[in-house]
Amino acid sequence: MVGLGIPAPPLSHMGGVDGGPPHPCTPSPCCLPCPRCAQRLCSAAWGDTIFAVSSGHGRCGVAVIRTSGPGSRGALQSLTGRPALPPPRVLALRRIRDPATGEPLDRGLVVWFQGPQSFTGEDCAELHVHGGPAVVSGVLRALGSLPGLRPAEPGEFTRRAFRRGKLDLTAAEGLGDLIRAETEAQRRQALRQMEGELGRLYQRWSNTLTQALAHLEAYIDFSEDDNVEEEVLSQVDATVRALEEEVGSHLQDGRRGELLRGGVRAVIAGPPNVGKSSLLNLLCQRPAAIVSPVAGTTRDVVEVALNVGGYPLVLSDTAGLRDATDPVEQEGVSRARDRLREADLVLAVLDAAAVPTEPAGLGAALGSLQPPTTTPCILVLNKADLLKGNGGSLRAACAQGHPLPPVTLLSCKTGEGLDRLLALLARELARLCGDPLSGSPSLTQSRHSLHLRQCAAALARYSRERRSDLGLAAERLRVARRHLGSITGHVSTEDVLDIIFRDFCVGK
Ligand SMILES: Nc1nc2c(ncn2[C@@H]2O[C@H](COP(=O)(O)OP(=O)(O)OP(=O)(O)O)[C@@H](O)[C@H]2O)c(=O)[nH]1
Ligand SMILES: [K+]
Ligand SMILES: [Mg+2]
């Protein structure tokens, strides 16, 4: 381009999917089918070329700057000063220069990806440069000076990949989750989703519905001519019933995937001064909450994020539960109760030296905290170091377990019982989140469960209305299929896409 005699991408071809009309051009092997009209068009008709740092920000050894769009070829030619590109997908060492001044910016590795064999499906280039801020900003400035190139919006690379059918929406969400994954179990789940397992499951359901709908429509249109047998109808009914059950049990997975994605919310609750804040500090290994001998120390909820056995845990310490007179403490107790109601898991803490030693009495002491009955709970009897004569019978009560929830003795002071508590925690987390590698892939987002519930409701209405009005029943199947399509992105609106891709970082 500027100064190097390399042609800029034809500006008249800018426009494309979201912008102006596509421009037909002489088809050539590099031409890609337009996602709107399926006509093969020069990729230049698809819009502008974006660029961004894809390797994260701040000083680092190597920074990867990537471009996507029809101007990628020209950009690489301009910055390397050579009309010849390296073979696609092969790293080549090149001097990188500012095309306007010819000034060397760095020496680094460049890669050329010819569309559609690239992440986005468009022509892409990557520049692996030294990660110093001056090098990176110099290269970005040079790219920005080229006609038709502009900085990428957050998630725009992935959005382009979605547009060109490189991945469906669930896979794009899986990719976003993979970038954010902080624990092993989260990574496993995200990787599975990114590789398309969830999308394939929903696609299979959608195909089943398409087939059922085709049979039903054939029956509606032709049954009077005796060309279609009655049997067809009962087959459609059976298919819809089976699908309704499958969607129902998928929805019944206890929010496993969502819990694993967002972290299990565990709440430490109990009477004042039993050592709740001490427990939080012990688990996160830092003095996150104030500990003192004064009952009623904790008022605000103190939250920490932890990784227990590969599972993500969001742990909250709360005010001691009692009938407080002080208005500030009252507010703390009310916040503690709110948290308790929303918890996925309760760590109920009692003072080991102050509780009854038989299971029934322990159960009553736990009940006085009023944890929600359906929420799983672990009972922690703290200050075990202070146990004297009744230690033996309390240990026996803990070992007996039933009818108590999982229970353990602990001393935050000496660390006794911590291993058992961590093992109990890991067991509960594994039960709540499930094994991300086994069974059918988990539902990971409330967006999915919303559409699946609507899909299941439409299937249920089909079964109810089928005897009275076949046409209406067929419409229910169409609605059900539309909801499945909304999850995978085969049916989607721009505002939904905006929300999904907004959560991505720039450069992805
Ligand atoms: N001996 C002994 N003392 C403990 C243990 N755990 C906590 N304590 C002490 O018990 C007192 C209260 O501890 P906290 O962690 O503040 O208790 P809390 O339940 O958060 O108290 P509030 O926030 O006031 O409800 C402090 O003096 C701690 O040092 C333990 O295992 N053994
Ligand atoms: K205290
Ligand atoms: Mg406290």
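The coordinates are above.
All values derive from a computational prediction rather than experimental measurement.

J.: Would you mind going over the overall build of the protein with me for this structure?
T.: A tally of helices and strands in the protein yields 16 helices and 14 strands. Per-residue burial over the protein gives 42% buried out of 508 residues.

J.: Any chance you could explain the nonpolar core here in plain terms?
T.: When a protein is soluble and globular, its nonpolar side chains tend to lie buried together. Membership of the largest hydrophobic core comes to 63 residues, with the highest contact counts inside it found for Ile-65, Ala-125, Leu-127, Val-139, Cys-455 and Leu-459. Structurally, this core is a two-domain feature, drawing no fewer than three residues from each of domain 1 (11-152) and domain 2 (174-253 + 443-502). Leave out the neighbours within four places in its chain, and Cys-455 touches Val-247, Ala-480, His-483 and Leu-484. Counting residues in hydrophobic clusters, the runner-up holds 48 residues, among them Leu-260, Leu-321, Cys-398 and Cys-433.

J.: I keep staring at helix α15 (residues 470-488) and nothing clicks. Help me out?
T.: Helical geometry: 3.6 residues make up each α-helical turn, so side chains three or four residues apart lie on a common side. Between its first and last C-alpha atoms α15 spans 28 Å; for 19 residues at 1.5 Å apiece the expected length is 27 Å, and the two agree. Among all positions in α15, only Ala-473, Arg-476, Leu-477, Ala-480, Arg-481, His-483, Leu-484, Gly-485, Ser-486, Ile-487 and Thr-488 are buried. In the segment just after α15, Gly-489 is the residue with positive phi, at about 95°.

J.: Help me understand the sheet that holds strand β6 (residues 104-113) in this model?
T.: To summarise the sheet geometry, strands pair through backbone hydrogen bonds and adopt either a parallel or an antiparallel arrangement. Taken in spatial order, the six strands line up as β5-β6-β7-β4-β3-β8 in an open sheet, and their pairing is mixed. Only two strands of the sheet have a single partner each, and these edge strands are β5 (92-97) and β8 (149-151). Here the strands of the sheet are splayed against their neighbours by 30° on average, with no regard to which way each runs. Strand direction decides the pairing type here: β5 and β6, joined by six bridges, are antiparallel. By the bridge assignment for β6, Arg-95 is matched with Arg-107. Contacting β3 (49-53), β4 (60-68), β5, β6, β7 (124-131) and β8, helix α1 (residues 72-80) crosses the sheet at an angle of about 35° to β7.

J.: I would appreciate a short explanation of unusual backbone geometry in the present structure.
T.: In terms of backbone geometry, most residues other than glycine have negative phi values and most peptide bonds are trans. With an omega of 5°, the peptide bond between Gly-115 and Pro-116 qualifies as cis. For Gln-285, which is not glycine, the phi torsion reads 60° and is therefore positive. Structurally, the position occupied by Gln-285 is in the loop between α9 (276-284) and β10 (302-308). By the C-beta count within 10 Å, which is 9 here, Gln-285 ends up exposed.

J.: Quick question: what am I supposed to make of the sheet that holds β10 here?
T.: Spatial strand order, β10-β11-β9-β12-β13-β14: six strands in an open sheet with mixed pairing. The sheet is open, and its two borders are formed by β10 and β14 (407-409), each paired with just one other strand. Neighbour-to-neighbour, the strand axes of the sheet open up by a mean angle of 25°, direction not taken into account. Taken together, the three bridges between strand β13 (residues 377-382) and β14 define a ladder with parallel strand orientation. Bridge pairing links Val-380 to Thr-408 in β14.

J.: Help me out: how do you make sense of the pairing of β4 in this one?
T.: The side chains of a regular strand alternate, first on one face of the sheet and then on the other. Taken together, the four bridges between β3 and β4 define a ladder with antiparallel strand orientation. The residue bridging Phe-51 from the neighbouring strand is Thr-67, located in β4. Connecting β3 to the antiparallel partner β4 that follows it, the hairpin turn spans six residues, and Gly-56 within it adopts a positive phi of roughly 90°. Alignment of β4 against β7, held across eight bridges, turns out to be antiparallel. Across the sheet, the residue bridging to Ser-68 is Cys-124, located in β7.

J.: Would you explain the packing of helix α4 (residues 169-180) against helix α5 (residues 184-194) in this entry?
T.: In helix packing, the relevant descriptors are the interaxial angle and the interaxial distance, both defined with respect to the helix axes. Packing of α4 against α5 leaves a shortest axis separation of 7 Å and a crossing angle of 155°. On the basis of the axis angle, α4 is roughly antiparallel to α5. The two elements α4 and α5 meet at a crossing, and its hand is left-handed. Of the residues in α5, those in contact with Thr-170, Ala-171, Glu-173, Gly-174, Leu-175, Asp-177 and Leu-178 of α4 are Gln-186, Arg-187, Ala-190, Leu-191, Gln-193 and Met-194.

Reading the values: the criteria
- Sequence positions are assigned chain by chain, starting from 1 and proceeding in written order.
- As a convention, the first chain written is A and the first ligand written is 1, with the rest following in written order.
- It should be noted that, the model being predicted, local features are given only for residues of pLDDT at least 70 and side-chain atom pairs only at 80 or more, the latter also being counted only at that level, while totals for whole chains, interfaces and linings use all residues.
- Comment: elements are numbered from the N terminus, with helices defined as DSSP H or I runs of at least four residues and strands as E runs of at least two.
- Around each residue's C-beta, the other C-beta atoms within 10 Å are counted; 20 or more make the residue buried, 12 or fewer make it exposed, and counts in between make it partly exposed. All C-beta atoms are placed from the backbone.
- We call a set of buried Ala, Val, Leu, Ile, Met, Phe, Trp, Tyr and Cys residues a nonpolar core when their C-beta atoms link them within 7 Å.
- Throughout, the edges of the domains are those of an automatic or database domain assignment.
- For the purpose of contact definition, each residue receives a C-beta atom placed from its backbone, and two residues are in contact when these atoms lie within 7 Å.
- One less than the number of residues in a helix, times 1.5 Å, gives the span that helix is expected to have.
- For two strands to be treated as a pair, DSSP must find no fewer than two bridges joining them.
- Whenever a helix is involved, its axis is fitted only over the stretch in contact; in every case the axis is a line through C-alpha atoms, and angles between N-to-C directions fall within 0 to 180 degrees.
- Note on angle classes: values under 35 degrees are labelled roughly parallel, values over 145 roughly antiparallel, values of 65 to 115 roughly perpendicular, and the remainder oblique.
- Crossing chirality is assigned from the near helix's rotation relative to the far helix, an anticlockwise turn below a right angle marking it left-handed and a clockwise turn marking it right-handed.

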